[in-house]
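Commentary on secondary and tertiary structure
Here are the chains, one letter per residue:
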Amino acid sequence: MVHALRTNDNFSKDFMAIKSDMSKAYDRVEWNNLKALLTTLGFVEVWIERVMFCVSSVTFSTLINNQAFGCIQPERGLKQGDPMSTFLFILCTEGLIHMLNTTARNDKIQGIRFDEEGPMIHHMLFADDSLLICRANQNQAAELMRILKVYEKAAGQQVSTAKSAITFGSKVQEDVRNVIKRITGIHKEGGSGSYLGLPECFSGSKTEMLAYIYDRLKDRLSGWFMKQLSLGGKEILIKAMAIAMPIYAIYSKLQSVVTGQQAWRILNELESIFARVFKSRYFPFGEFLAASNGPRPSYAWRSIQFVKELLVMGIKKKIGNGKTMSVWVDALIEGEVMRRPLMKNIFVDLLLCVDKLIDEDNRCWNLNILHDLFFEEDVARIVVMKPVFEGEDFWVWQHNKHGSYSVKSGYWLKNRMAREEEIREAEALPSLNELKSASWKLKIPPKIKTFLWRALS
């Protein structure tokens, strides 16, 4: 969305995005509002009472000289770190979401929409951070602030204007920007800050932009040799320092395998908002696997395109109702290598789809058609396959048991592709890998584990 504000002529002239930050968001949650919201959403009364008991039974004491004094009973707030608190806070934002959706339906605010068939995006929420998108004019800016004021009053929240920022379209006039800043009370312009440990806008050299991760980790670990830690101690120190780094930034260093999850979502969850946004922008009339970069692509889309090659190497299409699988174009015959069926006849219907080979009444293959079109070897292979008749055709990931892409299996495949020749040579030699793996599972001190592993290596 932010990329569109900078590069898309349709949005850079008169759109903006407000990144709002709620001050002490968890501490300000009103219990009465939370209970009323849960009731409105239709939760069972018994469940609501149990949740509210967990929320409201908290007490605090003051430590003075290592002794607890007093008993403070709060009347609002959620405890950060509690697994349930995050979900309850997200439910609290349903009121804000409802007001934004209602206002958008009444055309009082307009978000970004790349295509008539695509979704309109006027807000994106993550915990206590919000990205609100609308046209850069006085009316819509005032309407957004009105919604935030109502939400503040109802939910007990307060927008921190000092920490919030506005990102204007690159071609929005300066006088318009100044008027909107006065209306919103937000004078800081966004784009140069960070969010979840990453820069708000990805532009220029990504290596230089993310070099701070390496530099920061190097600085924190530079005192090793003076401390004379053992190998086991160094291992523990590395893990502790790495965990303390921004996890999203670390993931960005594993771009090709982590981004594979997003590519997998686009491929398999076509009705999700995430997939619909990318489809409306980059391939409105085509298929994801055939989509190109297009003009002025965002960093996110280029990352997804980059990982698509890895995804294609590990997926295969499974038959559901057969309506989207071509008999003569798609690799239908399963084996060591997926392949197309051989043509038994000279003249065939090149547009024939797999659903025409299925007997819908008996929910099985139509053997007469199979024997008419294919050789016996291919017929035998097709009959063994079990289509999911009640569902659509779908993709599966071949390199794990559950058939869905994972970072672990993606990294394994990428590593195998990059070191294919080396792996082939290693597999021909005696292997100590099982012993190495077993050494890490022993219940012994870390330094002895490291010694055993190095001895076996």
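Described in the following lines is the structure provided in the data block.

As for the packing of aromatic side chains
Applying the stated rule across the entire model yields 14 aromatic pairs. Aromatic pair Phe 11 and Phe 15: ring centres 5.5 Å apart, planes at 85°, arrangement edge-to-face. You'll find Phe 11 and Phe 15 in the same group, each marked buried. Ring geometry for Trp 440 against Trp 453: centres 6.1 Å apart, planes inclined by 45°, an arrangement best described as tilted. Here Trp 453 lies in helix 22 (residues 446-456) and Trp 440 lies in helix 21 (residues 433-441), a separation of 13 residues in the sequence. Members of the aromatic cluster, joined through ring pairs, are Phe 274, Phe 278, Tyr 282, Phe 283, Phe 288 and Trp 301. Looking at Lys 308, its charged tip hangs above the ring of Phe 288, at a distance of 5.1 Å from the centre.

Re the pairing of strand 2 (residues 60-64)
Where strand 2 lies against strand 3 (residues 67-72), 4 bridges are found, and the strand directions are antiparallel. Across the sheet, the residue bridging to Phe 60 is Ile 72, located in strand 3.

Details of the packing of helix 7 (residues 138-155) against helix 8 (residues 174-184)
Where helix 7 contacts helix 8, the axes come no closer than 9 Å and their chain directions differ by 20°. Here helix 7 lies roughly parallel to helix 8, going by the angle between them. Regarding helix 7 and helix 8, the two cross each other, and that crossing is right-handed. Packed against helix 7, whose contacting residues are Gln 138, Ala 141, Ala 142 and Met 145, the element helix 8 presents Val 179, Ile 180, Ile 183 and Thr 184 at the interface. Residues belonging to the contact of helix 7 with helix 8 are distributed by class as follows: 6 nonpolar, 2 polar and no charged.

Describing the pairing of strand 3
Counting buried residues along strand 3, only 0 of its 6 residues qualify, which leaves the element largely exposed. The turn joining strand 2 and strand 3, which pair antiparallel and follow one another in sequence, is formed by 2 residues; a positive phi near 55° is taken by Asn 65.

With respect to the nonpolar core
In terms of nonpolar packing, the biggest core is built from 39 residues, with Met 16, Leu 34 and Leu 78 touching the most fellow members. If you list the elements that add at least two residues to this core, you get strand 1 (15-21), helix 3 (31-40), helix 4 (45-56), helix 5 (83-92), helix 6 (94-105), strand 5 (129-135), helix 7 and strand 6 (165-168). The element contributing the most residues to this core is helix 7, with 7 residues. Ignoring sequence-local partners within four residues, the contact set of Leu 34 consists of Met 52, Val 55, Leu 78, Leu 88 and Cys 92.

Remarks on the sheet that holds strand 4 (residues 123-126)
The 4 strands lie next to each other as 4-5-1-6, forming an open sheet whose pairing is antiparallel. What marks the edges here is a single partner per strand, and that holds for strand 4 and strand 6. Strand after strand, the sheet turns through a mean of 15° between neighbouring axes, direction not considered. Across the sheet, helix 8 touches strand 1 and strand 6, and the angle it forms with strand 6 is around 155°.

Details of the packing of helix 16 (residues 299-314) against helix 19 (residues 407-418)
Two numbers describe how helix 16 lies on helix 19: the axes approach to 10 Å, and their chain directions differ by 95°. Here helix 16 lies roughly perpendicular to helix 19, going by the angle between them. Facing helix 16, whose interface residues are Leu 310, Met 313 and Gly 314, helix 19 presents Gly 410, Leu 413, Lys 414 and Met 417. The residue makeup of the contact of helix 16 with helix 19, split by class, is 4 nonpolar, 2 polar and 1 charged.

About the thresholds
- Residues numbered from 1 in each chain as written.
- Predicted model: local features only at pLDDT ≥ 70, side-chain atom pairs only at ≥ 80, totals over all residues.
- Heavy atoms only, no water.
- Phe/Tyr/Trp six-rings, centres within 6.5 Å; stacked < 30°, edge-to-face > 60°.
- Buried < 20%, exposed > 50% of the residue type's maximum accessible area, 1.4 Å probe, protein only.
- Helix = DSSP H or I, 4+ residues; strand = E, 2+ residues; numbered from the N terminus.
- Lys NZ or Arg CZ within 6 Å of the ring centre and 35° of its normal.
- Pairing = 2+ DSSP bridges.
- Axes fitted to C-alpha atoms, helices over the stretch in contact; angles between N-to-C directions.
- Parallel < 35°, antiparallel > 145°, perpendicular 65-115°, else oblique.
- Left-handed = near helix turned anticlockwise from the far one by under 90°.
- Contact = heavy atoms within 4.5 Å.
- Nonpolar A, V, L, I, M, F, W, Y, C, P; charged D, E, K, R; others polar.
- Core = buried A, V, L, I, M, F, W, Y, C linked by side-chain atoms within 4.5 Å.

Take it as geometry only, folks, not as evidence of what the structure does.
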